[in-house]
Amino acid sequence: MTFQAPKGTFDWLPPRSERALAVREAMSAPARLAGYGYIETPTFEDTALFARGVGESTDIVSKEMYTFEDKGGRSITLRPEGTAPVVRAVLQHGLHNGRLPVKLWYSGNNFRYERAQKGRYRHFSQVGVEALGAEDPALDAEVILLAVDGYAALGLTGVRLLLNTLGCKECRPAYRAALQGFLRGLDLDDATRQRAELNPLRVLDDKRPEVQAQLAGAPLVTDHLCGACKAYHEEVRALLTAAGVSHTDDPRLVRGLDYYTRTTFEFVHGGLGSQSAVGGGGRYDGLSEMIGGPALPGVGWAIGVDRTVLAMEAEGLFGEEEPPGPVQVYGVPLGEDARRRLFLLLTELRRAGVAADMAFGGRGLKGALKGADRSGASYAVILGERDLAEGSAQVKDLASGEQIAVPLAEIVTTLKERLTT
Ligand code: ATP
Ligand code: MG
């Protein structure tokens, strides 16, 4: 019997897996340049952290969490998102008592029991940034720019920034009440009605067309902002515009998580069908208090690694051919003594920074040369008993077929030279 990866999960295999690495690398590079330090939190946390931090009325907490009791009787949940764990770690280690803002970035996997489809998985990866301890529109703009620059470095041109503000504890209550009044007049199912009472903003995030159709005339948060929120939002927009970042105002944009305040944004891409969000984030000034900490404002985002790769593929950024083979030089030993010598030579090559592999398993010349071709290497180093006796090896240019004898002592320098010119 053989096993399959569980429903809603998949394996990243080479060479395509290089694309996921490239996304992690490019999306985190701007953050590292802006003083964000790397944080790694556990893959599981106390269930209560997410229940309180993400919010009971969210899809994540109400139906998507992988929760179980461990052998010690604790309720454990596999991480469905990265922000609550980061804030938990900041509070636990008192990072907020040092220099502010605390700037952190992470890269990790998440688990949500979702309806599995293209771009929506039960196990997926994110890269994220969080900046805590400052309420400053320049920080919101910085965080957004980090993602914009990351997407640009990947060569993506079809990512659009949707921007909104959700107000604050001064102005949100009045808006919430107005929205609730509106929602009570709609034809909604019981679960959605209940949600409208608990967290009416979340109803705006309902993806079903029959619900969206009824929301056309819903009151907009932007018509209910207090002066401070209005000014804050204007400043974020002005800073983004000054930095050359175009955005679309989307007054209906809310996030799937409860803890957001003020700046809210999403990055969407047209090449992904209905799973259009490649990243999202915003300001979450209430989160720390929700999980028992002091007032600690924060802003951040998480981008979906899997969907970002899909977006890049949709833009044809990887071309038709697969990424280049992982090695530059391929060794072909003919005989036992040659294998021992070639093994050392490969070690030398690798230590000199040349990617090298060799034929294993005692294959003959023909099979080994086939392996050399498949490896994507530019050169084969063929070592037979006679070469060995003469203290040299055959260096074969696999593109032209040209083959020359090179003294063993000069192989590394010769190949390094040829590979760099
Ligand atoms: P969506 O509206 O598509 O469900 P979300 O609002 O739940 O997204 P966030 O929790 O903000 O998403 O996560 C940030 C990013 O992580 C998303 O923009 C997306 O790119 C990615 N993401 C979220 N859920 C999944 C999933 N189930 N599979 C793959 N990627 C995901
Ligand atoms: Mg979701």
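Residues numbered from 1 in each chain as written. Chains lettered and ligands numbered in written order. Predicted model: local features only at pLDDT ≥ 70, side-chain atom pairs only at ≥ 80, totals over all residues. Heavy atoms only, no water.

**A look at the overall build of the protein chain**
For clarity, the cut-off: Helix and strand definitions follow DSSP, with helices as H or I runs of at least four residues and strands as E runs of at least two, each counted in order from the N terminus. For this measure, only C-alpha atoms enter the radius of gyration; the expected value for a globule follows 2.2 Å times N^0.38, where N is the number of residues. Accessible area is worked out with a 1.4 Å probe on protein chains only. A residue is then buried under 20% of its type maximum, exposed over 50%, and partly exposed in between. Any two residues whose heavy atoms approach within 4.5 Å are treated as being in contact. Each accessible area is a Shrake-Rupley result for a 1.4 Å probe, and residues are judged covered by the shown protein chains and nothing else. Charge assignment in this entry is limited to Lys and Arg as positive and Asp and Glu as negative, and neither His nor the chain termini are counted. Charged groups are reduced to one reference atom each: NZ for lysine, CZ for arginine, CG for aspartic acid, CD for glutamic acid.
Counting secondary structure elements, the protein chain contains 16 helices and 16 strands. Here the protein chain has a C-alpha radius of gyration of 27 Å; the compact-globule value for 421 residues is 22 Å, and the former is much larger. Along the first, second and third principal axes, the C-alpha atoms of the protein chain reach 90 × 55 × 45 Å. Across the 421 residues that make up the protein chain, the buried fraction comes to 49%. Within the protein chain, contacts between residues at least 6 apart in sequence are counted, and of these 70% link residues at least 24 apart. As displayed, the protein chain offers around 20,300 Å² of accessible surface, 53% of which is attributable to carbon and sulfur atoms. Of note, the protein chain has its 48 positive side-chain charges centred 3 Å away from the centre of its 54 negative side-chain charges.

**Some details on helix 10 (residues 227–242)**
Quick reminder of the rule: Multiplying 1.5 Å by the helix residue count minus one yields the expected span of that helix. Directions from the helix axis toward the C-beta atoms define the arc.
Between its first and last C-alpha, helix 10 extends 22 Å over 16 residues, near the 22 Å set by a 1.5 Å rise per residue. Within the span of helix 10, buried status applies to Cys229, Tyr232, His233, Val236 and Leu240. Seen from one end, helix 10 has its buried residues packed into an arc of 95 degrees, which puts them on one side. Turned more than 90 degrees away from the buried face of helix 10 sit Gly227, Thr241 and Ala242, all of them exposed. Residues of helix 10 that are buried in the fold lie against helix 5 (137–153), strand 7 (159–165), strand 8 (248–249), strand 9 (261–269) and strand 10 (277–283). At the exit of helix 10 stands Gly244, carrying a positive phi of roughly 80 degrees.

**Quick word on the site of ligand 1**
To be explicit about the condition: Here a residue is near a molecule or strand as soon as one of its heavy atoms is found within 4 Å of it. A 3.5 Å cut-off defines polar contacts: any pair of N or O atoms within that distance qualifies, except that in protein one atom must be a possible hydrogen donor and the other a possible acceptor, and neighbouring residues in sequence count only when both atoms are side-chain atoms. Any residue outside Ala, Val, Leu, Ile, Met, Phe, Trp, Tyr, Cys, Pro, Asp, Glu, Lys and Arg is labelled polar, Gly included; the first ten of those are nonpolar and the last four are charged.
Around ligand 1, the surrounding shell holds 17 residues, and the nearest of these are Arg112, Glu114, Arg120, Tyr121 and Arg255. Within the backbone of Val278, a nitrogen or oxygen atom sits 3.3 Å from an oxygen atom of ligand 1. One nitrogen or oxygen atom from the side chain of Arg307 is found 2.9 Å from an oxygen atom belonging to ligand 1. When isolated, ligand 1 has an accessible area of 590 Å², and the protein chains bury 93% of it. Within the residue set of the shell around ligand 1, elements represented by two or more residues are strand 6 (123–132), strand 10 and strand 11 (298–304). For the shell around ligand 1, the leading source of residues is strand 10, giving 4 residues. Of the residues contributing to the shell around ligand 1, the split by class is 6 nonpolar, 5 polar and 6 charged.

**Observations regarding the sheet that holds strand 3 (residues 67–69)**
The strands making up a sheet are joined through hydrogen bonds of the backbone, oriented either antiparallel or parallel. To keep it simple, the criterion reads: Here the rule is simple: two strands pair whenever DSSP picks up at least two bridges between them. Structural elements are reduced to axes, namely lines fitted to C-alpha atoms, with helices fitted over the stretch in contact, and the angle between N-to-C directions of any two is expressed from 0 to 180 degrees.
Spatially, 3 strands are ordered 2-4-3 in an open sheet, and the strand pairing comes out antiparallel. Two strands lie at the open edges of the sheet, namely strand 2 (44–46) and strand 3, each paired on one side alone. Strand after strand, the sheet turns through a mean of 35 degrees between neighbouring axes, direction not considered. Pairing geometry for strand 3 and strand 4 (residues 75–78), over 3 bridges, is antiparallel. The residue bridging Glu69 from the neighbouring strand is Ser75, located in strand 4.

**Some words on the domain arrangement of the protein chain**
Under the convention used in this document: For the purposes of this description, domain bounds are those given by an automatic or database domain assignment.
Under the domain assignment used here, the protein chain contains domain 1 (17–171 + 225–314) and domain 2 (329–419). Placing a centre on the C-alpha atoms of domain 1 and another on those of domain 2 gives a separation of 48 Å.

**Considering the layout of surface pockets**
For the record, the criterion: Site definitions follow a grid-based scheme: protein atoms alone, a 1 Å grid, a 1.4 Å probe that fits but cannot get out for cavities, and for pockets an open set with protein on both sides within 12 Å along at least five of seven lines, plus lining residues having an atom within 4 Å of a point. Grid points are joined across faces, edges and corners, and a volume is the space filled by probe spheres set on the points.
When its volume is computed, the second largest pocket comes out at roughly 650 Å³. Together, 30 residues line the second largest pocket, and Cys168, Lys169, Arg172, Tyr260 and Thr261 are the ones closest to its centre. Elements with a contribution of two residues or more to the lining of the second largest pocket: helix 6 (172–184), helix 8 (200–203), strand 9 and helix 11 (287–290). When grouped by side-chain class, the residues that make up the lining of the second largest pocket number 15 nonpolar, 4 polar and 11 charged.

**A closer look at the packing of aromatic side chains**
Keep this limit in mind: Any Phe, Tyr or Trp ring, taking Trp's six-membered ring, that has another such ring centre within 6.5 Å forms a pair; planes under 30 degrees apart are called stacked, those over 60 apart edge-to-face, and the others tilted. Distance and angle both matter: a charge sits over a ring if NZ of Lys or CZ of Arg is within 6 Å of the ring centre and within 35 degrees of the ring normal.
Per the counting criterion, the structure on display carries 6 aromatic pairs. Counting every residue linked through ring pairs, the aromatic cluster contains Phe10, Trp12 and Tyr121. Between Arg122 and the ring centre of Tyr113, over which it is positioned, the NZ or CZ distance is 4.0 Å. Over the ring of Tyr232 we find Arg262; its NZ or CZ atom is 4.6 Å from the centre of that ring.

**Side note on unusual backbone geometry**
Look at the link from Pro14 to Pro15: it is a cis peptide, with omega at 5 degrees. Along the chain, Pro15 turns up in the segment before helix 1 (17–33). That bond from Leu100 to Pro101 is cis: its omega, -5 degrees, falls within 30 degrees of zero. Tracing the backbone shows Pro101 in the loop between helix 4 (83–92) and strand 5 (102–111). Non-glycine residue Arg262 carries a positive phi angle of around 45 degrees. Within the element layout of this structure, Arg262 appears in strand 9. Overall, the relative accessible area of 10% leaves Arg262 in the buried class.

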